[in-house]
Amino acid sequence: MKFFLRQTAALVKLSFLELWRRNDVFALVLLALALMAPLSMATPFGAAGASRCLDEVALLLVWAFSLFVSIGAGQRLFRPEFESRTVYPLFSKPVSRTRILAGKYLGALASAWSALALFYALFTGSALLRGTGFGAALPQAIALHAAFVALAVALSLLGSLVMSASANSTLCAIALAGMFFFGRRLPDFAAGAGGIVSWLVRAAYAIGPHAEFFDMRQRLVHGWGAIDPLAFAAVLAYAAAYTAALLCVAAAVLKRKRL
Amino acid sequence: MKHAAIFCAAAVALAAILSRFPQERFPQAVRGEGALAVAFGDARAAISSAMMRKADGYFHGGVDAECGRLGEHHHHHGHHHDGEEADCGDGHGKDGSAGGGLFDPWAWIDAHVRAPDVHRHLEGKDSVEMLPWFWASVKADPHNIDAWTTAWYVAHNMMKDEDLSKRVIGEALASNPDSVEIALYAGRQLYDTANPDLDAAAKAFAAARDLALSKCGGDLSKLSEDERRMHGFALGYLEKIAERR
């Protein structure tokens with residue numbers, strides 16, 4: 001057990017360091033500051049005091065950046081190693097492929113979560129400076145967002161094993177952003193479409209990654225408060241089940257992958 | 001990176017050159033000068049409408065106004081969500097029942113995570129939260145009269161901020177000197193107050209009436225339905241002022 005933990009910890013550390021060495025997160029933080037600073041100084045029609053739109057834009061940026069980081073983190077776990085052939089010495093070690101996958105996934109997840117923590121620290125700090133409080137809804141929103149990141153990293157990791165880097169990044173972004181914005185409307189689209197399109201949309205609704213479940217932005221911005229504990233637990237369970245399923249498929253793909 | 005910079009510079013230069021051409025040569029829905037108007041064209045009207053919807057959502061405490069949950073709700077700020085029942089009529093309630101009566105767990109989760117438990121509206125000074133979206137709307141399309149008038153209503157009737165509503169209607173008039181509706185609202189700014197300036201209000205309503213008449217050459221049937229209605233309102237206000245005197 002101790003050996004297993006030490007192996008996993010080494011893999012986690014490697015993945016974690018890689019994200020922070022790339023400086024992606026710092027670039028995103030600078031971009032966020034460049035976008036938010038002029039917005040925070042704007043006084044529409046000369047009226048001051050509107051803060052909800054700032055919170056909304058800031059949260060949208062947090063979501064967009066976390067999606068970028070998550071997909072990138074999952075994407076870079078195996079694909080560059082296959083391309084540079086550094087995967088051969090890794091696989092020659094007395095560590096199973098499943099354990100390598102688990103360790104790398106946990107490392108990517110830790111790095112993506114650390115970036116998310118930084119984004120939320122900045123968001124919460126700026127909100128507190130403006131005198132906005134979120135109550136119990138904020139910890140829930142962060143927890144659900146973290147669950148979404150776990151799902152997104154797993155999806156990106158699986159995609160990186162079965163398709164090229166650019167295709168994987170694009171498809172993951174389309175799938176997750178598409179579900180985030182339109183997931184709840186898919187039954188309407190299915191009802192409006194006919195024939196095979198309707199069935200395809202229904203299938204996407206049934207098995208697609210429902211990113212919209214994790215979105216508590218409107219609750220935070222408009223002060224609706226925390227969500228029902230049962231629903232909260234249901235979303236976490238959904239994320240855990242979906243992520244586990246993705247990782248199982250990824251493990252099976254990696255095990256059968258011919259180098 | 002270098003190619004992207006060259007491409008962006010070329011795009012901006014092209015937009016700047018095109019903006020110098022007479023506007024009649026470009027069938028834009030959104031009139032305006034400058035590179036932005038040329039570059040975005042019709043998209044500006046769509047963006048402006050989207051910003052209006054966002055402001056409407058804020059009025060409802062963040063609820064997407066197109067969602068059928070709001071039903072046949074009519075605002076006290078005088079407009080109605082067209083087609084709101086059609087857009088979101090998936091039949092998914094909080095109990096997660098789908099249209100056919102089957103339990104839909106996804107709909108159940110979504111309803112509990114996103115949907116509000118109460119139906120509430122912004123009121124009083126809190127209504128300032130809508131203004132950034134109206135501002136964005138009129139920046140995208142300065143000729144979106146509905147955005148100007150709704151922003152004025154929010155400032156004047158909901159926030160009770162005379163100075164703010166005066167600034168809004170002043171900017172609206174500067175951007176839309178030929179709008180009968182804006183001219184009418186300029187009159188309302190002077191009339192619908194605790195201490196109305198009846199002379200100035202009468203002048204403003206007369207200006208709105210005259211603007212409508214000048215646009216149609218005296219034949220009201222040539223006016224749009226909205227402009228005819230505004231002309232009627234202007235006459236109504238003029239009658240009220242005459243009675244008060």
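Residues numbered from 1 in each chain as written. Chains lettered and ligands numbered in written order. Predicted model: local features only at pLDDT ≥ 70, side-chain atom pairs only at ≥ 80, totals over all residues. Heavy atoms only, no water.

Visitor: What exactly am I supposed to notice about the overall build of chain A here?
Guide: For chain A, the count of helices and strands is 12 helices and zero strands. On C-alpha atoms alone, chain A measures out to a radius of gyration of 20 Å, which is about the 18 Å that the 2.2 N^0.38 rule sets for 259 residues. The C-alpha extent of chain A, read off along each of the three principal axes, is 65 × 50 × 35 Å. Long-range contacts, defined as pairs at least 24 residues apart, comprise 83% of the intrachain contacts of chain A with a sequence gap of at least 6. Of the side chains in chain A, 23 bear a positive and 10 a negative charge, and the two mean positions are spaced by 13 Å. (Helix = DSSP H or I, 4+ residues; strand = E, 2+ residues; numbered from the N terminus. Rg over C-alpha atoms; globule rule 2.2 N^0.38 Å. Contact = heavy atoms within 4.5 Å. Lys, Arg positive; Asp, Glu negative; His and termini not counted. Charge placed at Lys NZ, Arg CZ, Asp CG, Glu CD.)

Visitor: Quick question: what am I supposed to make of the packing of aromatic side chains here?
Guide: Per the counting criterion, the structure on display carries 18 aromatic pairs over all chains. Relative to Y238 of chain A, the ring of F214 of chain A has its centre 6.4 Å away and its plane inclined at 45°; by these criteria the two rings are tilted. Residue F214 of chain A is located in the loop between α10 (195-207) and α11 (217-221), and its partner Y238 of chain A is located in helix α12 (residues 229-256); the two are separated by 24 residues in the primary sequence. Like F214 of chain A, the residue Y238 of chain A is buried in the burial classification. Among the aromatic side chains, those forming a connected cluster through ring pairs are W63, F148, F180, F181, F213, F214, Y238 and Y242 of chain A together with W106 of chain B. In this structure, K54 of chain B is placed above the aromatic ring of W133 of chain B, and the distance from its NZ or CZ to the ring centre is 5.8 Å. (Phe/Tyr/Trp six-rings, centres within 6.5 Å; stacked < 30°, edge-to-face > 60°. Buried < 20%, exposed > 50% of the residue type's maximum accessible area, 1.4 Å probe, protein only. Lys NZ or Arg CZ within 6 Å of the ring centre and 35° of its normal.)

Visitor: I'm lost on the pattern of salt bridges in this one. Help?
Guide: When the charged atoms of two side chains lie near each other, side chains of opposite charge can form a pair. Residues and elements named next belong to chain B. Under the defined criterion, the tally for this structure stands at eight salt bridges over all chains. The salt bridge partner of R188 is D192, with a shortest N-O separation of 3.0 Å. Take D192: its relative accessible area is 26%, and that puts it in the partly exposed class. One salt bridge connects K215 with E227, and the closest N-O pair in it is separated by 2.5 Å. Linking K215 in helix α10 (residues 198-216) with E227 in helix α11 (residues 225-244), this pair joins segments that are 12 residues apart in sequence. Look at E227 and you get buried, because its relative accessible area is 18%. (Salt bridge = Lys/Arg side-chain N within 4 Å of Asp/Glu carboxyl O.)

Visitor: Could you clarify how one ought to interpret the environment of E129 of chain B in this entry?
Guide: By the secondary structure assignment, E129 of chain B is in the loop between α5 (105-113) and α6 (131-140). Spatially, the C-alpha atoms of E129 of chain B and A55 of chain B are 8.2 Å apart, while their sequence positions differ by 74 residues. The residues contacting E129 of chain B, other than those within four sequence positions of it, are G49, A50, S51, R52 and C53 of chain A together with Y58 and L122 of chain B. Here R52 of chain A takes part through its backbone nitrogen, which lies 2.8 Å from a polar atom of the side chain of E129 of chain B. (Polar contact = N/O pair within 3.5 Å; in protein donor to acceptor, adjacent residues only side chain to side chain.)

Visitor: So what exactly am I meant to see when it comes to the interface of chain B and chain A here?
Guide: How big an interface is tends to be reported as the loss of accessible area on association of its parts. Facing 41 residues of chain B, the contacting portion of chain A comprises 36 residues. Buried surface at the junction of chain B and chain A, both sides included, amounts to about 3400 Å², of which 59% is carbon and sulfur. As a salt-bridge pair, R184 of chain A and D110 of chain B come within 3.0 Å of each other at their nearest N and O atoms. At the junction of chain B and chain A, the tally comes to 15 residue pairs in polar contact (both at pLDDT 80 or more). Those elements giving two or more residues to the side of chain B that touches chain A turn out to be α3 (42-59), α5, α6, α7 (145-158) and α8 (162-175) of chain B. If one sorts the elements of the side of chain B that touches chain A by residue count, α5 of chain B sits on top with seven residues. A per-class count over the side of chain B that touches chain A returns 22 nonpolar, five polar and 14 charged. (Buried area = accessible area lost by both parts, 1.4 Å probe. Nonpolar A, V, L, I, M, F, W, Y, C, P; charged D, E, K, R; others polar.)

Visitor: I tried to follow the packing of helix α3 (residues 52-75) of chain A against helix α6 (residues 97-129) of chain A on my own but got confused; where do I start?
Guide: A packed helix pair is summarised by two numbers, namely the angle formed by the two axes and the spacing between the axes. Residues and elements named next belong to chain A. Where α3 contacts α6, the axes come no closer than 9 Å and their chain directions differ by 170°. Classed by the angle they form, the pair α3 and α6 counts as roughly antiparallel. Counting all contacts with α3, which are made through D55, A58, L59, V62, W63, F65, S66, V69, S70 and A73, the residues of α6 involved are A108, S111, A112, A115, L116, F119, Y120, F123 and A127. Broken down by class, the residue content of the contact of α3 with α6 amounts to 15 nonpolar, three polar and one charged. (Axes fitted to C-alpha atoms, helices over the stretch in contact; angles between N-to-C directions. Parallel < 35°, antiparallel > 145°, perpendicular 65-115°, else oblique.)

Visitor: Could you clarify how one ought to interpret the confidence of the model for chain B in this entry?
Guide: Predicted coordinates in areas of low pLDDT are best not read in detail. Residue and element names in this part refer to chain B. Summary statistics for chain B give a mean pLDDT of 78 and a share of 71% for residues scoring 70 or more. Here residues 67-92 is modelled with pLDDT under 50, and outside its nearest four sequence neighbours on either side it reaches 64 contacts, counting other chains as well. Taken together, the chains of this predicted complex give a pTM of 0.79 and an interface ipTM of 0.83. (pLDDT = per-residue confidence, 0-100.)

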